[in-house]
Amino acid sequence: MLDGTDLIYAYDGSFEGLMCCVFESYQRKEIPSVIRPPSAQETLFDTAKWIETDEHKADRVYNSIPMKISSQAQELVKLGFLTCDPHKEVLIFRFLRLGFKHGGKVMMMLTDDTVCSLQKAVRHLTSECHKFKGFVRFSVFGEVLVAVIEPKNYVLPLLSPHFCDRYRNERFMIYDKTHGMALIFQSQKAELIFVEELTLPDVDSAELEYRRLWKQFYKTIAIEGRNNPRCQMTFMPKRYWSQMTEFDEIVGLAKWQVAETGAKEPQTSLCTLDAQSTYKISPDYKVTKKD
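So, how was this worked out
- Numbering of residues starts from 1 in each chain and follows the order in which that chain's sequence is written.
- This being a predicted model, a pLDDT of at least 70 is required before a residue's local features are given, and a value of 80 or more before pairs of side-chain atoms are given or counted; all residues contribute to the totals for chains, interfaces and linings.
- Excluded from the side-chain calculations are hydrogens and water; all other atoms, namely the structure's heavy atoms, are used.
- Numbered from the N terminus, helices here are DSSP runs of H or I no shorter than four residues, and strands are runs of E no shorter than two.
- For each residue, the accessible area found with a 1.4 Å probe, counting protein chains only, is set against the maximum for its type, and the residue is called buried under 20%, exposed over 50%, and partly exposed in between.
- Residue contacts are defined here by distance: any two heavy atoms, one from each residue, within 4.5 Å place the two residues in contact.
- Only the protein chains shown count as covering a residue, and every accessible area follows the Shrake-Rupley method with a 1.4 Å probe.
- Within this scheme a cavity is a closed region of a 1 Å grid, computed over the protein atoms alone, that accommodates a 1.4 Å probe without allowing it to escape, whereas a pocket is open but has protein on both sides within 12 Å along at least five of seven lines; lining residues each have an atom within 4 Å of a point.
- Grid points are joined across faces, edges and corners, and a volume is the space filled by probe spheres set on the points.
- Throughout this entry, Asp, Glu, Lys and Arg are counted as charged residues, while Ala, Val, Leu, Ile, Met, Phe, Trp, Tyr, Cys and Pro are counted as nonpolar. The remaining residues, Gly among them, count as polar.
- Counted as positive: Lys and Arg. Counted as negative: Asp and Glu. His and the chain ends are not counted at all.
- The salt bridge definition used is simple: a Lys or Arg side-chain nitrogen within 4 Å of an Asp or Glu carboxyl oxygen.
- As used in this record, nonpolar core signifies buried Ala, Val, Leu, Ile, Met, Phe, Trp, Tyr and Cys residues forming a set joined through side-chain atoms within 4.5 Å.
- Lines fitted to C-alpha atoms define the axes, with helix axes restricted to the stretch in contact, and inter-axis angles between N-to-C directions lie between 0 and 180 degrees.
- Oblique is the label for any angle not under 35 degrees, not over 145, and not in the 65 to 115 range, which are roughly parallel, roughly antiparallel and roughly perpendicular in turn.
- Handedness of a crossing is defined here by the sense of rotation of the near helix relative to the far one, left-handed for an anticlockwise turn of less than a right angle and right-handed for a clockwise turn.
- Each Phe, Tyr or Trp ring, with Trp reduced to its six-membered ring, pairs with another whose centre is within 6.5 Å; inter-plane angles below 30 degrees give stacked pairs, above 60 give edge-to-face pairs, and intermediate values give tilted ones.
- Put simply, a charge is over a ring when the Lys NZ or the Arg CZ is close to the ring centre, within 6 Å, and near the line of the ring normal, within 35 degrees.
- Values of pLDDT, ranging from 0 to 100, describe the predictor's confidence in every residue of the model.

Regarding the overall build of the protein
Looking only at helices and strands, one finds nine helices and 10 strands in the protein. Taken across its 291 residues, the protein has 40% of its residues classed as buried. At a minimum sequence separation of 6, the contacts of the protein that also span at least 24 residues come to 66%. When the accessible surface of the protein is summed, it comes to about 17700 Å², and 53% of that surface belongs to carbon and sulfur atoms.

Here is the structure:
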């Protein structure tokens, strides 16, 4: 069996593609040192082996996980793919090899670096998802509710069941600015689409009044004597503030201070909605491409 010291797999970035990398490894009796998605930067001298995505092979690997390891391991792998860990492909690959060797016991092998790192990444994902269930702020544009978020992890598939159930009679969109994706819900159906960048129209007077009332409510319920900024930032980190209505004035002041000091602020360009591909979300938040 090749030790994979210089072996690099390249795949299309899909979950099915990653499962095919696992299949290829067993079929060819080789272990890659790197599994590279399209977004990863190539080095000058590496020669990657391209792994084609085959749904039949992917299903064989995916369906074998609960039979040879456990259903909990299958869930961990599925969630692990949604994390922002830069080495998630290799972690999932190594975890599955451990699982196929040791069975369900792999879930308790917390002293193993691979198992520990994968579970840590998934905890970060689920924690961020939990925060966004309370931090997402919608604005009204005509008859559509729109929210913009900037998560580290790919949280939209996990947020979909929560918001689709909560706003089942509404039409809404949650735009993930970090990953260039949007969750669209209309006519009782949820879809994920690729969105390169997004331009929103100016808000009307009614929306401005809603925002003013929300800010007033936020200030009214605050107890000045119990103001604790450190505790607040523990439960509501600053990186979420830019998309939260109640912090508009604070974020605006920070931007004004940046302008006054001449510091460079990251620029964001906005253009029209561009849906390249459309995806369907199943009840178990598995994302599949629509025909």
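Topic: empty space enclosed by the protein
A complete count under the given rule lists one cavity of 30 Å³ or more for this structure. Taken together, F132, F135, V136, R137, V148, I149, E150, R239, Y240, S242, Q243 and M244 make up the full set of residues lining the largest cavity. Across the lining of the largest cavity, the residue classes tally to seven nonpolar, two polar and three charged.

Some points on the side chain of E89
With respect to the element layout, E89 can be found in helix α4 (residues 88-102). Put simply, E89 is tucked away with no salt bridge, and the nearest opposite charge, on K88, sits 4.9 Å away. Among all residues touching E89, those that are not within four sequence positions of it are Y11, L18, I35 and P37.

Thoughts on the nonpolar core
In this structure, M19, F95, L96 and F172 are the most contacted members of the largest nonpolar core, which totals 63 residues. One finds F141, A182, I184 and I193 within the second-largest nonpolar core, a separate group that totals 10 residues.

Regarding the environment of C84
Looking at where C84 falls in the secondary structure, it is placed in the loop between α3 (71-80) and α4. Residue C84 is classed as partly exposed on the basis of its relative accessible area, which comes to 38%. In this structure the C-alpha to C-alpha distance between C84 and N153, which are 69 residues apart in sequence, comes to 4.7 Å. Beyond its immediate stretch of four places on either side in the chain, C84 contacts H124, K152 and N153.

Concerning the packing of α3 against helix α5 (residues 113-135)
Between α3 and α5, the least distance of the axes is 9 Å, while the angle of their chain directions is 65°. What the angle tells us is that α3 and α5 run roughly perpendicular. When you trace α3 past α5, the crossing you get is left-handed. Residues L76, L79 and G80 of α3 pack against L118, Q119, V122 and L125 of α5. Residues of the contact of α3 with α5, tallied by class, amount to five nonpolar, two polar and no charged.

Here we look at the packing of aromatic side chains
In total, this model carries 14 aromatic pairs according to the counting rule given. Between F163 and Y167, the ring centres sit 6.2 Å apart and the planes meet at 5°, which makes this aromatic pair stacked. Residue Y167 is classed as partly exposed on the basis of its relative accessible area of 22%. Aromatic pair F172 and F185: ring centres 5.2 Å apart, planes at 25°, arrangement stacked. Of the two residues, F172 sits in strand β6 (residues 172-176) while F185 sits in strand β7 (residues 181-186), which places them 13 residues apart along the sequence. Pairwise contacts between aromatic rings join F138, F163, Y167, F172 and F185 into one cluster. Here the basic side chain of K88 rests over the ring of F81, its NZ or CZ set 4.8 Å away from the ring centre. Over the ring of Y26 we find R97; its NZ or CZ atom is 4.4 Å from the centre of that ring.

Comments concerning the confidence of the model for the protein
Reading fine detail from the predicted coordinates is not recommended where pLDDT is low. Mean pLDDT over the protein works out to 83, with 82% of the residues at or above the 70 mark. Note on residues 251-289: pLDDT under 50 across the span, and 63 contacts to partners over four residues away in sequence or across chains.

What about the environment of R168?
With respect to the helices, strands and loops of the structure, R168 is situated in the loop between α6 (156-166) and β6. With 18 residues separating them in the primary sequence, R168 and Q186 have C-alpha atoms 8.6 Å apart.

Details of the pattern of salt bridges
By the definition in use, this model includes 10 salt bridges. Through salt bridges with shared partners, a single ionic network connects E24, R28, E30 and K49.

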